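# Breakdown of the fold
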Amino acid sequence: KAGVTQTPRYLIKTRGQQVTLSCSPISGHRSVSWYQQTPGQGLQFLFEYFSETQRNKGNFPGRFSGRQFSNSRSEMNVSTLELGDSALYLCASSLAEGNTGELFFGEGSRLTVL
Amino acid sequence: AQSVSQHNHHVILSEAASLELGCNYSYGGTVNLFWYVQYPGQHLQLLLKYFSGDPLVKGIKGFEAEFIKSKFSFNLRKPSVQWSDTAEYFCAVTRSFGNEKLTFGTGTRLTIIP
C-alpha cells in the first residue's frame, strides 16, 4: 500500500512569508504527527492530530499551526517565516493515537527560508 | 518533561566492526522504546521497538537493543556492521499509557568505511 506522501518536497520562501505543507497518511491511519528536523536538534515534535482533533502540541510558537481533514489528510502552516524555520518537516502516520505504536514517516518537505 | 540523550553524535567504524550506540532517557515510568533509522536520501523507518517482555529485542538487518530499566538505557547493537548500515539512527521514547508524544533523541550519524 502507498506510504505517507508529503507535498511539496522542496520549497524556498523568504522571511515574512507563510507556507502550507500537506501530508497524506497511509490509508486507514487516523493519526498524523508533524516533526521538525534540523541538524543537531534531531526531531522536534510539532503536533499530533487524530480524527480531526489536535491531541498533542509541542513547544513551538503560535506561528506554527495545523489541521486534519475528515479523510485524515493533514496540513501544517507556518506564518511570518523566520530564517530559523529552515528545516525538514516530517509527517508521520499511525494506526494508534498517542504514539504508542509504530510511526510511518514520509520523506519530508524541505523548507528553506531566505 | 521526558528527554532522550544520544551521546554519540558521529560514529565512524570499519566494516565488520561491532557497533553499540547509546540511548538514555529521563522518564521513570513505564515506557515504550524505539530505534528509527534514516538511510541517506530515504525516509525514517522503524528498526526495532520494545513495549514489554524480554528486554533484549531484535530488529531488522541484524540489529538488536537491550532495555536496562535500572540504567534508563536502550542501547542499539550490531555484532558486525556493513557499509550499507551507513545512516542516521534515532532513539525515541514515549509513555506506555496515555496520549503522549514520541520524543526523539538528536540522532547518531554512523559512517561505515569499506
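Now for a look at the structure at hand. In this text, all values refer to a predicted model and were calculated from it rather than measured experimentally. (Residues numbered from 1 in each chain as written. Chains lettered and ligands numbered in written order. Predicted model: local features only at pLDDT ≥ 70, side-chain atom pairs only at ≥ 80, totals over all residues. Heavy atoms only, no water.)

Generally speaking, nonpolar side chains in soluble globular proteins are found buried as a group. Ranked by size, the top nonpolar core spans 28 residues in total, and within it L33, W35, L47, L48, F74, L76 and Y89 of chain B carry the most contacts. Of all elements in the fold, only β2 (10-14), β3 (19-21), β5 (31-38), β6 (45-50), β8 (64-68), β9 (73-78), β10 (87-95) and β12 (108-113) of chain B reach the threshold of two or more residues within this core. Setting aside residues up to four positions removed in sequence, L48 of chain B forms contacts with L33, F34, W35, V57, K58, G59, F63, E64, A65, F74 and L76 of chain B. Counting residues in hydrophobic clusters, the runner-up holds 21 residues, among them V19, M76, V78 and L81 of chain A. (Core = buried A, V, L, I, M, F, W, Y, C linked by side-chain atoms within 4.5 Å. Buried < 20%, exposed > 50% of the residue type's maximum accessible area, 1.4 Å probe, protein only. Helix = DSSP H or I, 4+ residues; strand = E, 2+ residues; numbered from the N terminus. Contact = heavy atoms within 4.5 Å.)

On to the pattern of salt bridges, then. It is possible for side chains of opposite charge to pair when their charged atoms get near one another. Counted under the stated rule, the structure contains nine salt bridges over all chains. Note that R9 of chain A is salt-bridged to E107 of chain A, the shortest N-O span being 2.9 Å. With R9 of chain A in the loop between β1 (5-7) and β2 (10-13) and E107 of chain A in the loop between β10 (104-105) and β11 (109-113), this pair connects stretches of sequence that are 98 residues apart. Owing to a relative accessible area of 33%, R9 of chain A belongs among the partly exposed residues under this scheme. The exposure class of E107 of chain A is partly exposed, given its relative accessible area of 38%. Taking the shortest distance from any N to any O, the salt bridge between R67 of chain A and E75 of chain A comes out at 3.2 Å. For R67 of chain A, a relative accessible area of 46% translates into the label partly exposed. Residues joined in a network through salt bridges with shared partners are K58, E64, E66 and R77 of chain B. (Salt bridge = Lys/Arg side-chain N within 4 Å of Asp/Glu carboxyl O.)

What holds strands together in a sheet is hydrogen bonding between their backbones, with the strands either parallel or antiparallel. Residue and element names in this part refer to chain A. Pairing is antiparallel in the open sheet, where four strands are placed in the order β1-β3-β8-β7. The strands lining the two open edges of the sheet, one partner per strand, are β1 and β7 (64-68). Averaged over all pairs of adjacent strands, the angle between their axes in this sheet comes to 15°, without regard to strand direction. (Pairing = 2+ DSSP bridges. Axes fitted to C-alpha atoms, helices over the stretch in contact; angles between N-to-C directions.)

All names here are of chain B. Following the criterion strictly, the structure yields two disulfides over all chains and no others. Shown here is the disulfide that connects C23 with C91, its sulfur atoms set 1.9 Å apart. Note on the C23 and C91 pair: the S-S dihedral is about -65°, so by sign convention the disulfide is left-handed. Of this pair, C23 sits in the loop between β3 and β4 (24-25) while C91 sits in strand β10; the two residues are 68 residues apart in sequence, bridging distant segments of the chain. (Disulfide = S-S within 2.5 Å.)

Another point: unusual backbone geometry. Of note, the amide linkage connecting T7 of chain A to P8 of chain A takes the cis form, showing an omega dihedral of -10°. Residue placement: P8 of chain A occurs in the loop between β1 and β2. Of note, T80 of chain A is a non-glycine position whose phi angle comes to about 45°, a positive value. Within the secondary structure, T80 of chain A is located in the loop between β8 (74-78) and β9 (87-94). T80 of chain A sits in the partly exposed class, given a relative accessible area of 46%. Even without being glycine, A16 of chain B reaches a positive phi, approximately 80°. The class for A16 of chain B is exposed, based on a relative accessible area of 55%.

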